[in-house]
Amino acid sequence: MAQHFLLSAASRTLSLKEIYKDGEEAAYETFKRLRWQETDGTPVCPKCGCLDHYEISTRRKFKCAACHHQFSVTSGTIFASRKLAFCDILAAICLFVNGAKGMSAVQFSRDLDVQYKTAWVMAHKLREALAAETTDATLDGDVEIDGAYFGGHVSPENRKEDRKDRREKENQSDRRRVVIALRQRKGRTLSFVRHREAEGVAIARTRLADKTQLFADEATHWDALELHYGVGRINHSLAYSELDGRHTNWVESYFSRLRRMVGGQHHHVSARYLYQYANHAAWLEDHRRRSNGANAHALLGGALNHPVSRVWAGYWQRAQ
Ligand SMILES: [Zn+2]
């Protein structure tokens, strides 16, 4: 029997041991190579694009020969004004891609030996960077659509006479959200956080190529999609999968990863940041067959080509 990919040596190409053995200078070289991929690590002035520069090597900075702008390998990226060593950021990314069910900020801060707040922001910056891979993505071929509700659990009162009917709208929490996912079989997963699953119809219209073959469950709001696409419907009260390919197993396995992430790692996620976890689980799901070294380099490369975060840069300074 074939060995499961995650148990094979091919899945394991980067380790903390290796990162710290190679040291800070090697980590710095990796950052340069992934920031300036077209020039194979030669610094490019972010202001004017000039390749000529002076090195201020004591501070690991560069000064552009043309416009005199000073910059570093992380200037203008999601790691701008970093305080951690390059080694530590690389280690953070290694831990982050190894966490198949995500990574809680508490565990992250313990493993990296940094403050909880530092770990929390670092994890959210990485989630923002990985989500950028699919910001403008459209799907085609065979695509499954479904929604799953998260959060807003209302604990029942102790005594039966005090309990409310939670089927009534006024007794439900306003923190409840639905994650709507579009998943191309053997392709990418796109996730969206909304109030109602029916909002997925409008989303699908903007994210699917014309000849897409959709698969959806029996929920009536998906009927509207049949005007635009072929839609294979699967009635889950009768079967989970039909022999002719009608099923939503791909999107279901995405939701099960997200549920394990929310339940097993984070225990509680706020409606406000649910989109970040939804994107994180989608990225892990889509790259599950790639080695951890390839995933780490892809994520670092993405992060170093992702602008300063509008949400997470200076997050705690603003929060105070
Ligand atoms: Zn310049």
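Predicted, not measured: the structure shown is a model, and the values here were computed from it.

Once that is clear, we can look at the sheet that holds strand β1 (residues 53-56). Here 3 strands make up an open sheet; going across it, the order is β1-β2-β3 and the pairing antiparallel. Edge positions in the sheet fall to β1 and β3 (70-71), since each has one partner strand and no second. Of the pairings in the sheet, the one linking strand β2 (residues 61-64) to β3 comprises 2 bridges and is antiparallel in character. Residue pairing across strands places Phe62 opposite Phe71, the latter belonging to β3.

Moving on, we get to the layout of surface pockets. Considering only enclosed or pocket space, the largest pocket measures out at about 480 Å³ in volume. Lining the largest pocket we find 20 residues, and of these Ser81, Lys83, Thr118, Val121 and Lys125 sit closest to its centre. Broken down by secondary-structure element, the contributors of at least two residues to the lining of the largest pocket are α4 (116-131) and α9 (315-319). Partitioned by chemical class, the residues of the lining of the largest pocket number 11 nonpolar, 5 polar and 4 charged.

Bringing the sheet that holds strand β7 (residues 213-217) into the picture now. Spatially, 5 strands are ordered β6-β5-β4-β7-β8 in an open sheet, and the strand pairing comes out mixed. Every interior strand has two partners, whereas the edge strands, β6 (189-194) and β8 (230-234), have only one. Neighbour-to-neighbour, the strand axes of the sheet open up by a mean angle of 25°, direction not taken into account. As defined by bridge partners, strand β4 (residues 142-150) adjoins β7 across 3 bridges and the pair is classed as parallel. When the sheet's bridge partners are listed, Glu144 is paired in β7 with Phe215. The strands touched by helix α5 (residues 200-207) within the sheet are β4, β5 (177-184) and β6, with β5 carrying the most contacts at an inclination of about 30°. Its contacts with the sheet put helix α7 (residues 274-286) on β4, β5 and β6, and the angle it makes with β6 is roughly 165°.

Further remarks concern the domain arrangement of the protein. Size of an interface, as often reported, equals the accessible area lost when the parts are brought together. Examined at the domain level, the protein breaks down into domain 1 (16-133 + 306-311) and domain 2 (137-152 + 172-287). Domain 1 puts 16 residues into the contact, and the matching count from domain 2 is 14 residues. Taking both sides of the interface into account, the surface hidden between domain 1 and domain 2 amounts to around 1500 Å²; carbon and sulfur atoms contribute 57%. When the area that domain 1 buries against domain 2 is broken down by residue, the three leading residues are Lys101, Arg127 and Glu133, summing to 35%. The tally of links between domain 1 and domain 2 comes to 1 salt bridge.

Working note: a packed helix pair is described by the angle between its axes plus the distance between those axes. With their axes 8 Å apart at the nearest point, helix α3 (residues 105-112) and α4 run at an angle of 110° to one another. Between α3 and α4, the crossing angle belongs to the class labelled roughly perpendicular. Handedness of the α3/α4 crossing: right-handed. Along the contact surface, α3 presents Ala105, Val106, Phe108 and Ser109, while α4 presents Tyr116, Ala119, Trp120, Met122, Ala123 and Leu126. Of the residues assigned to the contact of α3 with α4, the class counts are 9 nonpolar, 1 polar and no charged.

Turning next to the coordination of the zinc ion. All of the protein donors around the zinc ion are Cys45 (SG), Cys48 (SG), Cys64 (SG) and Cys67 (SG); their distances to the metal are 2.3 Å. Relative to the metal, the 4 donor atoms surrounding the zinc ion lie at angles of 101 to 116°, and the coordination shape comes out tetrahedral. Taken in chain order, the donor set of the zinc ion reads C-x2-C-x15-C-x2-C. Note that Cys48 is positioned in the loop between α1 (16-35) and β1 and Cys67 in the loop between β2 and β3, a separation of 19 residues in sequence. By relative accessible area, Cys67 is classed as partly exposed at 32%.

Here we take up the side chain of Glu197. In this structure, Glu197 sits in the loop between β6 and α5. No salt bridge forms around the buried Glu197; measuring N to O, its nearest opposite-charge neighbour Arg233 is 8.7 Å away. Of the polar contacts made by the side chain of Glu197, one reaches the side chain of His221; its length is 2.6 Å. Glu197 has contacts with Asp146, Gly147, Tyr149, Val178, Ile180, Ala219, His221 and Trp222, leaving out every residue within four places of it along the chain.

Attention now goes to the packing of α4 against α7. At their nearest, the axes of α4 and α7 sit 9 Å apart, and the two run at 60° to each other. Between α4 and α7, the crossing angle belongs to the class labelled oblique. Note that α4 runs across α7; the crossing there is left-handed. Two secondary-structure elements touch here, α4 through His124, Arg127, Glu128, Leu130 and Ala131 and α7 through Gln276, Tyr277, Asn279, His280 and Trp283. A breakdown of the residues in the contact of α4 with α7 according to their chemical character gives 4 nonpolar, 4 polar and 2 charged.

Cut-off values and rules
- Residues numbered from 1 in each chain as written.
- Predicted model: local features only at pLDDT ≥ 70, side-chain atom pairs only at ≥ 80, totals over all residues.
- Heavy atoms only, no water.
- Pairing = 2+ DSSP bridges.
- Helix = DSSP H or I, 4+ residues; strand = E, 2+ residues; numbered from the N terminus.
- 1 Å grid on protein atoms, 1.4 Å probe; cavity = no way out; pocket = protein on both sides within 12 Å on 5 of 7 lines; lining within 4 Å.
- Points joined across faces, edges and corners; volume = space filled by probe spheres on them.
- Nonpolar A, V, L, I, M, F, W, Y, C, P; charged D, E, K, R; others polar.
- Axes fitted to C-alpha atoms, helices over the stretch in contact; angles between N-to-C directions.
- Contact = heavy atoms within 4.5 Å.
- Domains from an automatic or database assignment.
- Buried area = accessible area lost by both parts, 1.4 Å probe.
- Salt bridge = Lys/Arg side-chain N within 4 Å of Asp/Glu carboxyl O.
- Parallel < 35°, antiparallel > 145°, perpendicular 65-115°, else oblique.
- Left-handed = near helix turned anticlockwise from the far one by under 90°.
- Donors = N, O, S within 2.8 Å, 3.2 Å for Na, K, Ca; no water.
- Tetrahedral: all angles 85-135°; square planar, octahedral: opposite > 155°, others 65-115°.
- Buried < 20%, exposed > 50% of the residue type's maximum accessible area, 1.4 Å probe, protein only.
- Lys, Arg positive; Asp, Glu negative; His and termini not counted.
- Polar contact = N/O pair within 3.5 Å; in protein donor to acceptor, adjacent residues only side chain to side chain.

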